[in-house]
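The primary structure of each chain is shown beneath.
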Amino acid sequence: MALGLTLGADIPFFLFGQTAQVAGIGEQLTALPDQPEQPMVLVYPGVVLATAMVFRRFHERLTMTDQTAMLPPESAPDNDLQLAAMDLAPVLGMAWCALQSVDAKRVWMSGSGSTLCGLFDSAESADAAAARLRRDHPEWSVFSGTTFNQHPLRNS
């Protein structure tokens, strides 16, 4: 795990062998129960964000007096880096709102960005949402699929 962390912050999670909540820089892993598969849509709006740049903006935001959010007040992010990433790439806020407008029941940003994820009630609604997002935003990469309920490295 320690060696994996030196290679990348995501590596310990993939070595952990089960569903987990990750904190810190990827070294703090808390086991979670597996969840049922859920239909989802991934949106990559075509912007690359360097992790170091997002963290720098996150730390800058901590010292700002005007914390103007780019999201509606009812949409509190559950990723601490999300607003910093949206400051750097406003298209992320547009993609967030676009996912909400196609009835995603939950939206979040993956890691330090810039892919957004949305959960849906059914595979049909996820597929329809993805089709609409592709039509309305052909410059974005949009994929529909499902979450998985078992870690791919776990021995069954």
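Predicted model only: the values in this text are computed from it and were never measured.

Colleague: If you had to explain the sheet that holds strand β5 (residues 116-119) to someone new, which residues and values would you point to?
Modeller: Across the sheet, 4 strands lie side by side as β4-β5-β3-β6; this open sheet has antiparallel pairing. The open sheet terminates on both sides in strands that have one partner only, identified here as β4 (106-109) and β6 (141-146). Each adjacent strand pair in this sheet contributes to an overall mean axis angle of 20 degrees, direction not counted. In this sheet, β6 lies alongside strand β3 (residues 39-44) in antiparallel orientation, the contact comprising 6 bridges. Bridging from a neighbouring strand, Leu 42 pairs with Phe 143 of β6. Across the face of the sheet, helix α6 (residues 123-136) comes into contact with β3 and β6 while running at roughly 175 degrees to β6.

Colleague: Explain the packing of aromatic side chains to me, using residue names and the numbers behind them.
Modeller: Scanning the model with the defined rule gives 1 aromatic pair in all. Measuring from centroid to centroid gives 5.0 Å for Phe 13 and Phe 14, while their planes differ by 75 degrees, and the two rings are edge-to-face. Here Arg 106 stacks its cationic end above the ring of Trp 108, 4.6 Å away from the centre of that ring.

Colleague: Explain the environment of Ser 122 to me, using residue names and the numbers behind them.
Modeller: Structurally, the position occupied by Ser 122 is in the loop between β5 and α6. Residue classification places Ser 122 among the partly exposed residues on the basis of a relative accessible area of 23%. Residues Ser 122 and Thr 146, 24 residues apart in the sequence, show an inter-C-alpha distance of 9.7 Å.

Criteria and thresholds
- Residues numbered from 1 in each chain as written.
- Predicted model: local features only at pLDDT ≥ 70, side-chain atom pairs only at ≥ 80, totals over all residues.
- Heavy atoms only, no water.
- Pairing = 2+ DSSP bridges.
- Helix = DSSP H or I, 4+ residues; strand = E, 2+ residues; numbered from the N terminus.
- Axes fitted to C-alpha atoms, helices over the stretch in contact; angles between N-to-C directions.
- Contact = heavy atoms within 4.5 Å.
- Phe/Tyr/Trp six-rings, centres within 6.5 Å; stacked < 30°, edge-to-face > 60°.
- Lys NZ or Arg CZ within 6 Å of the ring centre and 35° of its normal.
- Buried < 20%, exposed > 50% of the residue type's maximum accessible area, 1.4 Å probe, protein only.

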